[in-house]
Amino acid sequence: MPVTPVLELRGIDKSYGAVKVLYDVAFTAYPGEVTALVGDNGAGKTTLVKGIGGVHPFDSGEYYFEGAPVRLGSPRDAAALGIEVVHQDLALCENLDIVENMFLGRERTRGLALDEAGMEAAATSTLSGLSVRTMGSVRRRVSDLSGGQRQTVALARAVLWDSRLVVLDEPAAALGVAQTQQVLELVRRLADKGLAVVLISHNMNDVFAVSDRIATLYLGHMVAQVRTGDVTHRQVVELITSGRSGDLGLPR
Amino acid sequence: MSTDIPKGGPSAVKLADSDFAADHRPSDLGGALRDYWAQVRSGDLGAVPAVLGIAGLVVLFTALRPETFLSDRNIANLFTQALPVTILAMGLVFVLLLGEIDLSAGVTSGVCACVMAKLMVSAGQPWYVAVLAALAAGVVIGTAIGWLVAVVRIPSFVVTLALFLGLQGITLWLVGEGGTVPVRDDVIVALANKNMPVALGWALAVVCAVGYAASQFWRWQRQSARGLAAKPVQLVALRVVAVAVVLLAGTYLLSQDRAPSPLITLAGIPWGVPLVAVLLIICTFVLGRTAYGRHVYAVGGNAEAARRAGVNVTRIRVSVFMIASTLAAVAGIVAASRLNSVTPSEGSGNTLLYAVGAAVIGGTSLFGGRGKARDAVLGGLVVAIIDNGLGLLGTKAYLNFLITGSVLLFAASIDALARRRRSATGR
Ligand SMILES: Nc1ncnc2c1ncn2[C@@H]1O[C@H](COP(=O)(O)OP(=O)(O)OP(=O)(O)O)[C@@H](O)[C@H]1O
Ligand SMILES: [Mg+2]
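None of the values given here were measured: they were computed from a predicted structure.

Undergrad: What is the right way to look at the packing of helix α11 (residues 272-289) of chain B against helix α12 (residues 291-301) of chain B in this model?
TA: Angle between the axes and distance between the axes: these two values describe a pair of packed helices. Residue and element names in this part refer to chain B. At a closest axis distance of 5 Å, the pairing of α11 and α12 adopts a crossing angle of 70°. By the criterion of interaxial angle, the relationship of α11 to α12 is roughly perpendicular. In this structure, α11 uses Val286, Leu287, Gly288 and Arg289 to contact α12, whose residues at the interface are Ala291, Tyr292, Gly293, Arg294, Val296 and Tyr297. Of the residues contributing to the contact of α11 with α12, the split by class is six nonpolar, two polar and two charged.

Undergrad: Mind showing me how you'd approach unusual backbone geometry here?
TA: It is generally the case that most residues other than glycine have a negative phi and that most peptide bonds are trans. Here A:Leu219, not a glycine, exhibits a phi torsion of approximately 45°, which is positive. Residue placement: A:Leu219 occurs in the loop between β11 (213-218) and β12 (221-227). On the basis of relative accessibility, which here comes to 57%, the residue A:Leu219 falls in the exposed class. Of note in this structure, B:Asn340 is not a glycine but carries a positive phi near 60°. On the basis of relative accessible area, B:Asn340 is assigned to the partly exposed category, the value being 35%.

Undergrad: Would you explain a nonpolar patch on the surface in this entry?
TA: All names here are of chain B. Among the surface-exposed residues, Val198, Trp202, Val206, Val210, Leu248, Tyr252 and Leu253 lie close enough to one another that they form a single nonpolar patch of about 560 Å² accessible area. Among the elements of the structure, α9 (198-225) and α10 (233-254) are those that each provide at least two residues to the nonpolar patch. On the secondary structure map, Val206 appears in helix α9. For Val206, a relative accessible area of 42% gives the class partly exposed.

Undergrad: Honestly, the coordination of the magnesium ion (ligand 2) in this entry has me stumped. Any pointers?
TA: Four donors placed tetrahedrally around a metal ideally meet at 109.5 degrees, and six donors placed octahedrally ideally meet at 90 or 180 degrees. Surrounding the magnesium ion (ligand 2) are the protein donor atoms A:Thr46 (OG1) and A:Gln88 (OE1), which sit 1.8 to 2.1 Å from the metal. Here A:Thr46, found in helix α1 (residues 45-52), pairs with A:Gln88, found in the loop between β6 (83-86) and α3 (98-102); they are 42 residues apart in sequence, far enough to count as distant.

Undergrad: Even after reading the chapter, I still don't get the confidence of the model for chain B, so can you show me in this structure?
TA: A low pLDDT score tells you not to read the predicted coordinates there in detail. For chain B, per-residue confidence averages 86 on the pLDDT scale, and 91% of positions sit at 70 or higher. Model confidence for the complex: the whole-complex pTM is 0.89, and ipTM, which rates the interface, is 0.87.

Undergrad: So what exactly am I meant to see when it comes to the site of ligand 1 here?
TA: All names here are of chain A. Near ligand 1 lie 13 residues; those nearest to it are Asn41, Gly42, Lys45, Thr46 and Thr47. Within the contact set of ligand 1, an oxygen atom lies 2.9 Å away from a side-chain nitrogen or oxygen of Gln88. Residue His202 places a side-chain N or O atom 2.9 Å away from an oxygen atom belonging to ligand 1. Against a free-state accessible area of 640 Å², the protein chains account for coverage of 61% of ligand 1. Considering every element that reaches the shell around ligand 1, the biggest residue donor is α1, with three residues. Classifying every residue of the shell around ligand 1 by side-chain character gives three nonpolar, seven polar and three charged.

Undergrad: I keep staring at the sheet that holds strand β4 (residues 60-65) of chain A and nothing clicks. Help me out?
TA: Neighbouring strands of a sheet are bound in pairs by backbone hydrogen bonds; such pairs are parallel or else antiparallel. Residue and element names in this part refer to chain A. What the four strands build is an open sheet, ordered β2-β1-β4-β5; its pairing is antiparallel. A single partner strand is all that each edge strand has here, and the edge strands are β2 (19-29) and β5 (68-69). In this sheet, β5 lies alongside β4 in antiparallel orientation, the contact comprising two bridges. What sits directly across from Tyr64, in β5, is Pro69.

Undergrad: Teacher, can you tell me more about the packing of aromatic side chains here?
TA: Note on aromatic pairs: each is described by the distance of the centres and the angle between the planes. All names here are of chain A. This structure, assessed with the given rule, holds four aromatic pairs over all chains. Geometrically, the ring pair formed by Phe103 and Trp161 is edge-to-face, given 5.6 Å between the ring centres and 75° between the ring planes. Here Trp161 lies in the loop between α5 (147-159) and β9 (165-169) and Phe103 lies in the loop between α3 and β7 (109-110), a separation of 58 residues in the sequence. Relative accessible area serves as the criterion here: at 1%, Phe103 is assigned to the buried category.

Undergrad: I tried to follow the environment of A:Asn203 on my own but got confused; where do I start?
TA: Residue and element names in this part refer to chain A. Inspection of the secondary structure assignment puts Asn203 in the loop between β10 (196-200) and α7 (204-210). On the accessibility criterion, Asn203 (29% relative accessible area) is partly exposed. Separated by 165 residues in the primary sequence, Asn203 and Val38 place their C-alpha atoms 9.1 Å from one another. A distance of 2.9 Å separates a polar atom in the side chain of Asn203 from the backbone nitrogen of Asn205.

Undergrad: How should I be thinking about the pairing of strand β1 (residues 7-16) of chain A in this particular structure?
TA: Taken residue by residue, a regular strand's side chains alternate between the two faces of the sheet. Residue and element names in this part refer to chain A. The sheet contact formed by β1 and β4 spans five bridges and is antiparallel. Each bridged residue has a counterpart across the sheet, and for Leu7 the counterpart in β4 is Phe65. Bridging between β1 and β2 involves seven bridges; their strand directions are antiparallel. The residue bridging Lys14 from the neighbouring strand is Leu22, located in β2. Linking two consecutive strands that pair antiparallel, namely β1 and β2, is a turn of two residues; a positive phi of about 60° is found at Gly17 within it.

Undergrad: What am I meant to see in the pattern of salt bridges here?
TA: Side chains carrying opposite charge are able to pair once their charged atoms draw close together. Summed over the entire model, instances satisfying the criterion amount to 25 salt bridges over all chains. Residue A:Arg10 pairs with A:Glu8 through a salt bridge whose shortest N-O separation is 3.3 Å. Given a relative accessible area of 22%, A:Glu8 falls into the partly exposed group. Here A:Asp115 ties to A:Arg110 by a salt bridge, and the two come within 3.6 Å at their closest N and O atoms. One connected set of salt bridges, linked through shared partners, spans A:Asp97, A:Glu100, A:Glu116, A:Glu120, A:Arg139 and B:Arg294.

Undergrad: Please clarify how the domain arrangement of chain B should be interpreted in this entry.
TA: Where interface size is quoted, it is often the accessible area lost as the parts come together. Residue and element names in this part refer to chain B. Per the domain assignment, the segments of chain B are domain 1 (47-184 + 271-415) and domain 2 (195-269). Look at where the C-alpha atoms of domain 1 and domain 2 centre, and you get two points 24 Å apart. At the interface, nine residues of domain 1 touch 13 residues of domain 2. Interface of domain 1 and domain 2: buried area, both sides summed, is about 1,000 Å²; carbon and sulfur atoms make up 73% of it. Looking at the side of domain 1 facing domain 2, the largest losses of area belong to Asp72, Arg73 and Trp271, adding up to 51% of the total buried there. At the junction of domain 1 with domain 2, the criterion picks out zero salt bridges. One can count three residue pairs in polar contact (both at pLDDT 80 or more) joining domain 1 with domain 2. Secondary structure elements with two or more residues in the side of domain 1 that touches domain 2: α4 (72-97) and α11. With five residues, α4 is the single largest residue contributor to the side of domain 1 that touches domain 2. Residue composition of the side of domain 1 that touches domain 2, grouped by class: six nonpolar, no polar and three charged.

Undergrad: Whenever I open this one, the nonpolar core confuses me. Can you help?
TA: Among soluble globular proteins, nonpolar side chains are generally buried collectively. Ranked by internal contacts, the top residues of the largest apolar core, which has 96 residues, are B:Ile87, B:Met90, B:Met116 and B:Val183. The leading source of residues in this core is α4(B), at 14 residues. Once residues within four sequence positions are removed from consideration, B:Val183 is found in contact with B:Ala117, B:Met120, B:Ile188, B:Val189, B:Ala336, B:Asn340, B:Ser341 and B:Val342. Formed by 38 residues, the second largest nonpolar core is a distinct cluster that contains A:Leu92, A:Met119, A:Ala154 and A:Ala158.

Undergrad: Any chance you could explain the sheet that holds β11(A) here in plain terms?
TA: Residues and elements named next belong to chain A. Reading across from one edge, β6-β9-β10-β3-β11-β12 is the order of the six strands in this open sheet, with mixed pairing throughout. Two strands lie at the open edges of the sheet, namely β6 and β12, each paired on one side alone. When strand polarity is set aside, the average angle formed by the axes of neighbouring strands in this sheet is 15°. As paired elements, β11 and β12 share six bridges and run antiparallel to each other. Residue Leu217 lies in a different strand from β12, and its bridge partner there is Met222. Packed on one face of the sheet, α5 meets β6 and β9 and runs near 175° to β6. Together, β3 (34-38), β11 and β12 form the strand contacts of helix α8 (residues 233-242), whose direction differs from that of β11 by roughly 25°.

How each quantity is defined
- Residues numbered from 1 in each chain as written.
- Chains lettered and ligands numbered in written order.
- Predicted model: local features only at pLDDT ≥ 70, side-chain atom pairs only at ≥ 80, totals over all residues.
- Heavy atoms only, no water.
- Axes fitted to C-alpha atoms, helices over the stretch in contact; angles between N-to-C directions.
- Helix = DSSP H or I, 4+ residues; strand = E, 2+ residues; numbered from the N terminus.
- Parallel < 35°, antiparallel > 145°, perpendicular 65-115°, else oblique.
- Contact = heavy atoms within 4.5 Å.
- Nonpolar A, V, L, I, M, F, W, Y, C, P; charged D, E, K, R; others polar.
- Buried < 20%, exposed > 50% of the residue type's maximum accessible area, 1.4 Å probe, protein only.
- Patch = residues over 30% accessible without salt bridge, like charges linked within 9 Å, V, L, I, M, F, W, Y side chains within 5 Å.
- Areas by Shrake-Rupley, 256 points an atom, 1.4 Å probe, with all protein chains shown as cover.
- Salt bridge = Lys/Arg side-chain N within 4 Å of Asp/Glu carboxyl O.
- Donors = N, O, S within 2.8 Å, 3.2 Å for Na, K, Ca; no water.
- pLDDT = per-residue confidence, 0-100.
- Near = heavy atom within 4 Å.
- Polar contact = N/O pair within 3.5 Å; in protein donor to acceptor, adjacent residues only side chain to side chain.
- Pairing = 2+ DSSP bridges.
- Phe/Tyr/Trp six-rings, centres within 6.5 Å; stacked < 30°, edge-to-face > 60°.
- Domains from an automatic or database assignment.
- Buried area = accessible area lost by both parts, 1.4 Å probe.
- Core = buried A, V, L, I, M, F, W, Y, C linked by side-chain atoms within 4.5 Å.

As structure tokens, this is what we get:
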């Protein structure tokens, strides 16, 4: 019996005003697998992710979540389904502290009041799981944090919840060597727990190290979605830069 | 960089456990002071300017008018003078937290007061019906502003500027050209003109002080028991003592007999003061301890981030204008009580300027995302002291305008500089 994909998109179109960004895109993400989404700058990766997360819903196309067709109108809908997105532009509130950001929109309460202690404890343990050493205090304001630390907060925010699909838009872009390694480990662990993980990265080493499948966007077209073991480094680079490689990708 | 991660198996690399050292280190007063100083240096001044302002102004006016300014009567006067502006400012704090503005809050208070007065005088309604109607009028006005700002997306300053004019028209129409509506109902008049029995005042002050201490220590105990980030206990104690001293000293001053003749006694806390205290407690709780309050700060800090986190940004936007206008209605009722009447110009003129000034002087940022309910109280006192002191000095009207305008500009500059300071230090 074939596995039901956690996420399946078919015939997705998306325009920003007069600019068409995604053309008839198909995309699947399976449970227990890391699907890498690659493509040049401006290929439409972030646009696809924003559609998946309900931030900017798609114009048309079919969206299946765990086999069932769904319609996402807002990020809240996506969160309710169990979709967590770490956005490329991190989307944190600088005037709030780390704990407040991690629980934003889904605060724990006791009666009317916030359960600050409970949230702080949960945030601390999640961050500890991410091996964050240099943050100092979980009560620091996000405005005081470095770019990499912010990225870690955004990541921690996504893994805090019991989700089915985690989408990471260049989560390691601002991270140091050790932190990148940790993010990749985390990505792998999430997939091993049975989640579907979508990872966007420009680093081919990372992509090959961690992914099970690679999906390539080229100028808004999905040119190939293949198993990582079936392609070489060079082929993927060709797909990214010219949209085809041998018999993969766009027809000649 | 070569990464080799086993697929499908458990992670091979043992993850180092982290330490949030600062959260577990027993914090002391020195550390807290250093943290605070770092915060001030990076442009987050908190309540300091307002407290210094109050102290400085009290010294100044005492020096200039030694026999009148600090007299018991004038102090009671000062408190009632501060009531409407403080309540108005407290509502504006919510709007300012989103980086929006409500220029019509002052005239909203006028319209609502007018609705109340007309209902009592012309329709013979009891005070509670009239008050409820005034509050309802506030809710309606706030909803309209909120809808235009949050749904239609007209900039709030344009919407409320339009209402600033339009609502004055409504007040004028309700009151009638040149007329005033008298307010004679005992309950309403008592709000700003009658005092609590002295014993009740003391009881209330003690209850407030003990309640504040209990809530602070309880919170500290809960945090430190679970090994969470907590302020040093000495700092908590210091704050509790400071609040208690202010509460009891204020009560003492207002409990002195301030009657102009020895034949009668006039003492006690004006009824409007506990009203402000209740509003302060509610607003502080809502902003600091509820999910709603957290969302207000989040939308003010980064609306798009809040939206992506699942916050209903539109609803938050509408709600803050509703709160501001409703509190404006309360402010209008108190102002009508103080003046025993409603005039067509009620709430226009410098009412709004004073309220915005109060919020900003208290430490609320005009850029959104930063501010507290208590800012309205601290700033409201500053504004009332200036107004009261200039009155005692008998300054000319033109100077009054100039001075008050400058104070607002000064406070806004501190806010803007603090913001620049924050971005300079990467905050
Ligand atoms: N809000 C927007 N309005 C108009 N055009 C947009 C908007 N966001 C993105 N675009 C356009 O859509 C195209 C795809 O952008 P997108 O951000 O999805 O690329 P990307 O693959 O994520 O690139 P990168 O690797 O640089 O992050 C680009 O040509 C971009 O100019
Ligand atoms: Mg992108």
